Amino acid sequence: MASMNQRSAPRALVVEDIKVDCMILMHMLHKLNCEAIAVENGKEAVDLFLEGKTFDIVFSDKDMPIMSGPEAVAKIRAMGATEVKIVGVSADFGGQEAFMHAGADVFLPKPVKLETLESMLKVVISKKNKSS
């Protein structure tokens, strides 16, 4: 496993099937010095975890083809990935309940604001620096 070198950039996974939403979120994450990769549905996200990839934070949309956000969150948590912060993101009012029930840590309504992302990443980074 890679060693946690001093203050490494947080690693984020964006799970979003709408290209524009994905681009906006990726742009904001890069602006906040976050290493981010994107996948188009929950199954691709789960596959990354199955391959042993690790992330500090996951931003997942709710409604996607193949596997929804909440389904993916439940599967990722069931694999024992308890350290990763999972953020459910949706414009759907029922989204919060679905994500929290599945094991997400936080719910963000769309559109996501840069300030909100920044404060969330600060929490993740400080937690990461304490544990390294």
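Conventions and cut-offs
Residues numbered from 1 in each chain as written. Predicted model: local features only at pLDDT ≥ 70, side-chain atom pairs only at ≥ 80, totals over all residues. Heavy atoms only, no water. Phe/Tyr/Trp six-rings, centres within 6.5 Å; stacked < 30°, edge-to-face > 60°. Buried < 20%, exposed > 50% of the residue type's maximum accessible area, 1.4 Å probe, protein only. Salt bridge = Lys/Arg side-chain N within 4 Å of Asp/Glu carboxyl O. Helix = DSSP H or I, 4+ residues; strand = E, 2+ residues; numbered from the N terminus. Patch = residues over 30% accessible without salt bridge, like charges linked within 9 Å, V, L, I, M, F, W, Y side chains within 5 Å. Areas by Shrake-Rupley, 256 points an atom, 1.4 Å probe, with all protein chains shown as cover. Axes fitted to C-alpha atoms, helices over the stretch in contact; angles between N-to-C directions. Parallel < 35°, antiparallel > 145°, perpendicular 65-115°, else oblique. Left-handed = near helix turned anticlockwise from the far one by under 90°. Contact = heavy atoms within 4.5 Å.

In the nomenclature of an unreviewed UniProt entry, the protein corresponds to Response regulatory domain-containing protein from the organism Sorghum bicolor.

With that settled, the discussion passes to the packing of aromatic side chains. Tallying each qualifying case throughout the model produces 2 aromatic pairs. Aromatic side chains Phe49 and Phe55 sit 5.6 Å apart centroid to centroid with 55° between the ring planes, which places their arrangement in the tilted category. An identical accessibility class is assigned to Phe49 and Phe55; each is buried. Relative to Phe107, the ring of Phe99 lies with its centre 6.3 Å away and its plane at 40°, an arrangement referred to as tilted. Overall, the relative accessible area of 0% leaves Phe99 in the buried class. With relative accessibility at 15%, the residue Phe107 sits in the buried group.

Counting across every chain of the model gives 9 salt bridges. Among the ionic pairs, Asp92 bridges to Lys62, the shortest N-O distance being 2.8 Å. With Asp92 in the loop between β4 (85–90) and α4 (95–102) and Lys62 in the loop between β3 (57–61) and α3 (69–78), this pair connects stretches of sequence that are 30 residues apart. On the accessibility criterion, Lys62 (13% relative accessible area) is buried. Overlapping salt bridges bring together Glu16, Asp21, Asp61 and Lys110 as one network.

For the rest of this paragraph, the subject is a nonpolar patch on the surface. Together, Ile18, Val20 and Ile24 make up an exposed nonpolar region whose accessible area comes to about 260 Å². Note that Val20 resides in helix α1 (residues 19–31).

So, on to the packing of helix α2 (residues 42–50) against α3. Remark: α2 packs on α3, axes separated minimally by 8 Å, with the N-to-C direction vectors making an angle of 15°. Regarding the angle of α2 to α3, the classification is roughly parallel. Note on packing geometry: the crossing formed by α2 with α3 is right-handed. Along its contact with α2, which presents Gly42, Ala45, Val46 and Phe49, the element α3 presents Ala72, Lys75 and Ile76.

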